[in-house]
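Structural overview
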Amino acid sequence: MANAPVQRMSQLMAKTLRDDPADAEVLSHKLLVRAGYVRRTAAGIWSWLPLGMKVLSNVERIVREEMDAIGAQQVSLPALLPREPYEATGRWDEYGQELFRLKDRKGGDYLLGPTHEEIFTLLVKDQCTSYKDLPVILYQIQSKFRDEARPRAGILRGREFLMKDSYSFDLEDEGLAKSYALHRQAYQNIFDRLGLDYRICAATAGAMGGSKSEEFLAPAEAGEDLFADCPNCDFAANTEAIAYELKPVDGSAVPAAEEIPTPDTPTIETLAAHLGVPASATLKNLLVKVDGEIIAVGVPGDREVDMDKVEAHFAPAAVELVTAEDFVGRPDLVRGYVGPQGLGEKVTYIADPRVAPGTAWITGANKEHTHAKNVVAGRDFEVDAYVDVVVVQEGDPCPKCGTGLKLDRAIEIGHIFQLGRKYADALKLDVLGQNGKPVRVTMGSYGVGVSRAVAAIAEQTADEHGLCWPKEVAPADVHVVAAGKALQTELALDVAEKLAAAGVRVLVDDRAGVSPGVKFTDAELIGVPQILVAGRRSGEGVLELKDRRTGEREELSVEEAIARLT
Ligand code: ATP
Ligand code: MG
Ligand code: MG
Ligand code: MG
């Protein structure tokens with residue numbers, strides 16, 4: 001590969017900012033904007049500037065290398081998609097408000113792909129006809145579109161974002177298990193190389209369907225997932241998934257909504273007792289009826305919480321409207337709160353430890369994030385039925401070893417699913433088997449948040465001075481700073497050229513009329529791992545090398561510096 005040319009700050013389109021952008025709430029958002037990596041174009045829609053593009057491309061390259069290594073083949077499918085396949089699988093409706101739907105000039109329905117199971121299934125149906133054509137793993141790295149209810153966290157939650165999505169197609173369950181295991185290992189390689197700290201957690205398959213699913217969660221304050229971590233064994237699970245671990249104690253399946261009789265005075269306690277789970281349970285996905293009319297539901301296709309009806313029904317004193325912001329930084333309130341998840345919004349019913357037992361919050365993650373507060377189940381509404389249950393509190397016993405669980409926030413950076421035959425059934429994907437009879441194909445789908453990973457790395461590695469990239473993703477290996485006038489600039493450019501000739505990726509701050517102090521601050525903010533300064537002792541050919549992470553400094557001759565950095 002040809003050596004990259006020296007990147008001069010004097011020519012680089014990257015304006016650093018002293019102040020945090022007014023709308024920024026999370027660290028990665030603040031720093032990526034301030035350091036000139038990204039610009040906001042609209043809510044949840046971002047432009048990547050040259051420095052950001054370098055980091056994004058590095059993440060993309062690592063993902064591509066690890067996908068290629070498991071034999072996955074890269075393709076590129078459109079983002080603008082026809083309605084029909086999504087209609088066939090039911091997702092045109094099930095996806096709810098998160099799906100960007102649009103019409104063409106003839107009135108035909110289209111969508112912007114939020115994930116591509118349908119289209120890949122059809123591609124394989126078209127291309128693979130015999131058992132000899134399988135197994136196959138296909139992937140793409142492409143913009144995805146989701147009309148997220150809360151695009152507040154900068155690059156972490158875009159409405160347009162970059163995802164690596166891959167899909168495996170196998171004849172038998174064992175084949176699927178193998179494709180899944182390959183992805184699981186590839187994801188570990190990817191996230192290790194990205195320098196991320198992460199846990200692999202059992203997750204619900206949710207509306208994606210299918211059996212087994214695991215999430216890769218990167219612990220961070222800014223994360224919107226709450227996960228339970230056992231300090232004693234390897235158990236880690238999304239709080240949602242624990243419902244499946246602990247659900248009805250006799251091991252029976254959760255009954256369908258209609259089959260659950262309504263307790264006389266439904267409270268969290270009676271409902272919990274009914275399901276055989278602890279009273280600390282967070283009961284999710286309730287159907288809440290007021291005067292016989294459903295006002296809050298958590299079942300696919302019908303997720304709206306009609307706040308007018310809630311307000312009309314409850315005495316004003318009993319209802320206080322709060323916004324999702326009330327949850328931020330209040331782990332005591334968010335126990336069990338699970339944000340808007342995958343496919344559409346959910347209603348979550350949360351026991352609030354500060355108020356009388358049985359008092360609940362109804363949190364409807366609908367577009368406006370209005371929630372009814374201090375509403376008492378049984379007194380204020382009739383709880384009709386529920387479809388699943390989440391049970392977690394800090395200190396609850398680990399399902400594996402009994403040790404008290406820790407609850408932590410994390411960013412979902414990847415997700416792997418064994419889908420099974422859901423999509424193949426809906427779209428009739430068969431290949432001819434060895435015996436000449438058609439065999440229904442079994443599938444997996446696997447996602448890495450490529451743009452989200454950039455922000456997740458920023459969240460985990462930044463310090464009080466700014467970004468601090470791990471080597472493999474950094475926009476350059478060395479940031480050479482000309483801290484002075486002509487002499488320093490000449491030396492800085494000379495060293496930069498020599499480093500570049502040796503294959504080192506170099507950013508050089510050769511800006512005229514910018515003080516050394518500003519250049520140092522910018523270098524720290526931009527976060528390249530090594531900072532090489534041509535300063536006071538440039539006349540003697542002495543440079544200062546600073547490690548961005550540790551802050552350690554060392555004086556070196558030009559030759560020593562080059563030897564050290566190549
Ligand atoms: P979340 O729970 O954060 O909404 P998800 O479960 O809906 O994510 P998946 O459908 O599992 O997401 O998509 C695969 C991966 O794509 C996720 O693990 C995440 O890394 C990334 N991703 C999902 N939504 C976004 C988004 N709005 N912005 C950036 N990355 C995203
Ligand atoms: Mg999720
Ligand atoms: Mg989602
Ligand atoms: Mg997911």
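These numbers were taken from a predicted model, which means no experiment stands behind them.

1. Remarks on the overall build of the protein chain
A tally of helices and strands in the protein chain yields 14 helices and 29 strands. Going through the 566 residues of the protein chain one by one, you find that 45% of them count as buried. Contacts in the protein chain between residues at least 24 apart in sequence constitute 71% of all its contacts with a sequence separation of at least 6.

2. As for the site of ligand 1
Near ligand 1 there are 17 residues, and of these Phe161, His415, Gly447, Gly449 and Arg452 occur at the shortest range. Only strand 9 (160-170), strand 21 (406-420), strand 24 (442-449) and helix 11 (450-461) provide two or more residues apiece to the shell around ligand 1. If you tally residues by element for the shell around ligand 1, the top one is strand 21, at 4 residues. Of the residues belonging to the shell around ligand 1, the class tally is 3 nonpolar, 9 polar and 5 charged.

3. Looking at the pairing of strand 27 (residues 530-534)
Most of strand 27 is tucked away: 5 of the 5 residues are buried. Of the two faces of strand 27, the one holding Gln530, Leu532 and Ala534 and the one holding Ile531 and Val533 are both buried throughout. Where strand 27 and strand 28 (residues 542-547) come together, 4 bridges link them in antiparallel fashion. Residue pairing across strands places Gln530 opposite Asp547, the latter belonging to strand 28.

4. Things to note about unusual backbone geometry
Following Leu134, the chain continues into Pro135 via a peptide bond in cis, with omega recorded as 0 degrees. Along the chain, Pro135 falls in the loop between helix 5 (117-127) and strand 8 (136-145). Positive phi values are uncommon outside glycine, yet Lys428 reaches one of about 55 degrees. Mapped onto the elements, Lys428 comes out in the loop between helix 10 (422-426) and strand 22 (430-432).

5. A look at the packing of helix 12 (residues 486-501) against helix 14 (residues 558-565)
Interaxial distance between helix 12 and helix 14 falls to 10 Å at its minimum, and their mutual angle equals 35 degrees. Helix 12 and helix 14 meet at a crossing whose hand is right-handed. In contact with Val495, Lys498 and Leu499 of helix 12, helix 14 contributes Val558, Ala561, Ile562 and Leu565.

6. Topic: helix 2 (residues 50-69)
Between the first and last C-alpha of helix 2 there are 28 Å, a value that for 20 residues agrees with the 28 Å anticipated at 1.5 Å per step. For helix 2, the full list of buried residues reads Leu51, Gly52, Lys54, Val55, Leu56, Asn58, Val59, Ile62, Val63, Glu66 and Met67. Trailing helix 2 by a residue or two, Gly71 shows a phi angle of about 85 degrees, which is positive.

7. As for the sheet that holds strand 6 (residues 100-103)
One open sheet accounts for 3 strands, arranged 5-7-6; its pairing is antiparallel. At either margin of the open sheet sits one strand with a lone partner, and together these are strand 5 (80-82) and strand 6. For this sheet the average axis-to-axis angle between neighbouring strands, irrespective of direction, equals 40 degrees.

8. As for the environment of Lys164
With respect to the helices and strands, Lys164 occurs in strand 9. Of the residues examined, Lys164 has 25 C-beta atoms within 10 Å and is grouped as buried. Sequence separation between Lys164 and Val136 is 28 residues, and the spatial gap between their C-alpha atoms is 16 Å. When sequence neighbours within four positions are dropped, the list of residues in contact with Lys164 reads Val63, Met67, Tyr139, Ile141, Gly447, Val448 and Val450.

9. With respect to the confidence of the model for the protein chain
Of all residues in the protein chain, 71% attain a pLDDT of 70 or more, and the chain-wide mean is 78. A low-confidence stretch, residues 205-210 (pLDDT under 50), is modelled with 21 contacts involving residues beyond four sequence positions or located in other chains. In the model output, the complex is listed with pTM 0.79 alongside ipTM 0.99.

10. Structural notes on the sheet that holds strand 27
Taking strand neighbours across the sheet as the criterion, the 6 strands line up as 1-26-25-27-28-29 in an open arrangement whose pairing is mixed. In the strand order of this sheet, the two ends are held by strand 1 (7-8) and strand 29 (553-557), each with one partner. Across the sheet, helix 14 touches strand 25 (478-482), strand 27, strand 28 and strand 29, and the angle it forms with strand 29 is around 115 degrees.

11. Some details on the packing of helix 2 against helix 6 (residues 173-193)
Helix packing geometry: the angle between the two helix axes and the distance between the axes. The geometry of helix 2 relative to helix 6 is characterised by a closest axis approach of 9 Å and an angle of 155 degrees between their N-to-C directions. If you check the angle between helix 2 and helix 6, you find them roughly antiparallel. The chirality of how helix 2 crosses helix 6 is right-handed. Contacts between helix 2 and helix 6 involve Ile62, Val63, Glu66, Met67 and Ala69 from the first element and Ala186, Asn189, Ile190 and Arg193 from the second. A per-class count over the contact of helix 2 with helix 6 returns 6 nonpolar, 1 polar and 2 charged.

12. A closer look at the pairing of strand 2 (residues 38-42)
In this sheet, strand 3 (residues 45-48) lies alongside strand 2 in antiparallel orientation, the contact comprising 4 bridges. Each residue of the ladder has a partner; that of Arg40, found in strand 3, is Trp46. Counting the residues that bridge the hairpin from strand 2 to strand 3 gives 2 residues, and of these Gly44 lies at a positive phi of roughly 70 degrees.

About the criteria used
Residues numbered from 1 in each chain as written. Chains lettered and ligands numbered in written order. Predicted model: local features only at pLDDT ≥ 70, side-chain atom pairs only at ≥ 80, totals over all residues. Helix = DSSP H or I, 4+ residues; strand = E, 2+ residues; numbered from the N terminus. Buried ≥ 20, exposed ≤ 12 C-beta atoms within 10 Å, placed from the backbone. Contact = placed C-beta atoms within 7 Å. Near = placed C-beta within 6 Å. Nonpolar A, V, L, I, M, F, W, Y, C, P; charged D, E, K, R; others polar. Pairing = 2+ DSSP bridges. Axes fitted to C-alpha atoms, helices over the stretch in contact; angles between N-to-C directions. Left-handed = near helix turned anticlockwise from the far one by under 90°. Expected span 1.5 Å × (residues − 1). pLDDT = per-residue confidence, 0-100. Parallel < 35°, antiparallel > 145°, perpendicular 65-115°, else oblique.

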